[in-house]
Amino acid sequence: MNKMRLLLVLLVMAAFPVLAQEESAQEVSESLRKRNEIDQRVYQLAIRYNDMAVARTKLMELLERNPTNSRYGELLATLYFDTNQFSSAAISALDVLQINDRSIEALEIAAYSLEQIGALERSLTQFERLYLLTDDIFALYKSAYLQFSLKKYDETMNSINMLVKNAKSSEEKLGFPISETENQEISMRAAALNLKALVYIEQGSKEDARKAYQEAIALEPNFKLAKDGLAQLK
């Protein structure tokens with residue numbers, strides 16, 4: 001009987017640490033939730049009052065406290081991007097992609113920010129991934145343009161041909177400057193053909209470039225950039 005009683009006492013005593021651990025975990029979880037809610041409210045107030053320094057600080061605290069929540073990183077990268085802090089935007093967006101490699105927002109910010117700071121190879125990688133995930137033909141055009149800038153002419157031609165064949169390229173528009181204060185809206189297909197002409201020029205194929213310019217102008221008769229390019233070939 002004494003042995004049985006002793007066994008029951010030991011079992012009860014053994015259960016106490018487990019219960020204490022569960023209560024402690026619950027308390028930590030509740031404390032974390034409350035701190036998150038407070039920081040989220042402060043962040044929203046900072047955004048409302050246009051206090052970006054406080055907003056960034058609160059996002060950093062939330063991110064440090066919740067390292068697997070990619071949303072805080074996306075918001076932080078957006079704040080950096082919107083204030084033209086492109087290096088910080090790129091790094092924070094790339095950090096998000098380490099957690100969630102399918103974050104469209106992080107991919108966009110990383111792609112544009114890396115381009116802004118001159119990291120064209122890394123920017124190209126992000127635009128290519130963005131196109132594969134979204135089928136966004138603007139991301140495909142940016143890929144083609146960066147491929148051209150990096151002298152990857154075979155890849156550029158492949159991207160251009162994909163653009164020209166895409167039905168959406170005749171509907172989607174791009175803005176091209178025609179003066180210091182005025183832009184011209186041009187179809188993505190005509191823009192792709194203009195880029196194709198530039199590739200041909202780089203490769204020394206003036207006649208092919210002429211045909212590409214003419215195709216672009218046939219689609220957009222007032223396409224100033226293509227008309228200027230064609231005139232320079234004569």
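One can find the structure itself at the top, above this paragraph.
Residues numbered from 1 in each chain as written. Predicted model: local features only at pLDDT ≥ 70, side-chain atom pairs only at ≥ 80, totals over all residues. Heavy atoms only, no water.

*Asks:* How would you summarise a negative patch on the surface if you had to cite specific residues and measurements?
*Replies:* Taken together, the side chains of E108, D136, E171 and E172 present a region of like negative charge at the surface. Position of E171 relative to the elements: it lies in the loop between α8 (153–165) and β1 (173–177). Judged by relative accessible area, which is 60%, E171 ranks as exposed. (Patch = residues over 30% accessible without salt bridge, like charges linked within 9 Å, V, L, I, M, F, W, Y side chains within 5 Å. Areas by Shrake-Rupley, 256 points an atom, 1.4 Å probe, with all protein chains shown as cover. Salt bridge = Lys/Arg side-chain N within 4 Å of Asp/Glu carboxyl O. Lys, Arg positive; Asp, Glu negative; His and termini not counted. Charge placed at Lys NZ, Arg CZ, Asp CG, Glu CD. Helix = DSSP H or I, 4+ residues; strand = E, 2+ residues; numbered from the N terminus. Buried < 20%, exposed > 50% of the residue type's maximum accessible area, 1.4 Å probe, protein only.)

*Asks:* Which residues make up the packing of helix α3 (residues 70–82) against helix α4 (residues 86–99), and what are the values?
*Replies:* Interaxial distance between α3 and α4 falls to 8 Å at its minimum, and their mutual angle equals 165 degrees. Taken together, α3 and α4 sit at an angle that is classed as roughly antiparallel. Crossing geometry of α3 relative to α4 is assigned as left-handed. Residue-level contacts link S70, G73, E74, L76, A77, Y80 and F81 of α3 to F86, S88, A89, S92, A93, V96 and I99 of α4. (Axes fitted to C-alpha atoms, helices over the stretch in contact; angles between N-to-C directions. Parallel < 35°, antiparallel > 145°, perpendicular 65-115°, else oblique. Left-handed = near helix turned anticlockwise from the far one by under 90°. Contact = heavy atoms within 4.5 Å.)

*Asks:* Break down helix α11 (residues 224–233) for me, with residues and values.
*Replies:* Of all the positions in α11, only A226, G229, L230 and L233 are classed as buried. Mapping the buried residues of α11 onto a view down its axis gives an arc of 100 degrees, with all of them on the same face. Buried residues in α11 make contact with α9 (188–202) and α10 (206–219). (Arc of directions from axis to C-beta.)

*Asks:* Could you give an account of unusual backbone geometry, with specific residues and numbers?
*Replies:* A positive phi angle, near 60 degrees, is found at N84, a position not held by glycine. With respect to the helices and strands, the residue N84 is situated in the loop between α3 and α4. Phi at K151 is positive, roughly 60 degrees, even though this residue is not glycine. Inspection of the secondary structure assignment puts K151 in the loop between α7 (137–149) and α8.

*Asks:* Quick rundown of the nonpolar core? Include the residues and the values.
*Replies:* One recurring pattern in soluble globular proteins: nonpolar side chains tend to sit buried together. Counting 60 residues, the largest nonpolar core has L59, Y141, L163, F176 and F223 as the members making the most contacts within it. Among the elements that make up this core, the one with the highest residue count is α9 (9 residues). Sequence-distant contacts of Y141, that is, excluding residues within four places in its chain, are made with L163, L174, F176, M188, A191, A192 and L195. (Core = buried A, V, L, I, M, F, W, Y, C linked by side-chain atoms within 4.5 Å.)

*Asks:* Could you give me a rundown of the side chain of S187, with the residues and numbers involved?
*Replies:* The residue S187 is located in strand β2 (residues 183–187) in this model. Here S187 is in contact with S169, S170, E172, K173 and E220, once residues within four sequence places are set aside.

*Asks:* Go over the packing of aromatic side chains with me, naming the residues and quoting the values.
*Replies:* This model, assessed by the stated rule, comprises 4 aromatic pairs. Taking 5.5 Å as the distance between ring centres and 70 degrees as the angle between the ring planes, the aromatic pair formed by F81 and F86 counts as edge-to-face. Looking at F86, the relative accessible area reads 18%, which means it is buried. Residues F176 and F223 carry aromatic rings whose centres are separated by 5.4 Å and whose planes lie at 50 degrees to one another, so their mutual orientation is tilted. Taken together, the residues F176 in strand β1 and F223 in the loop between α10 and α11 connect sequence positions 47 residues apart. Taking relative accessible area as the criterion, F176 reaches 12% and is therefore assigned buried. (Phe/Tyr/Trp six-rings, centres within 6.5 Å; stacked < 30°, edge-to-face > 60°.)

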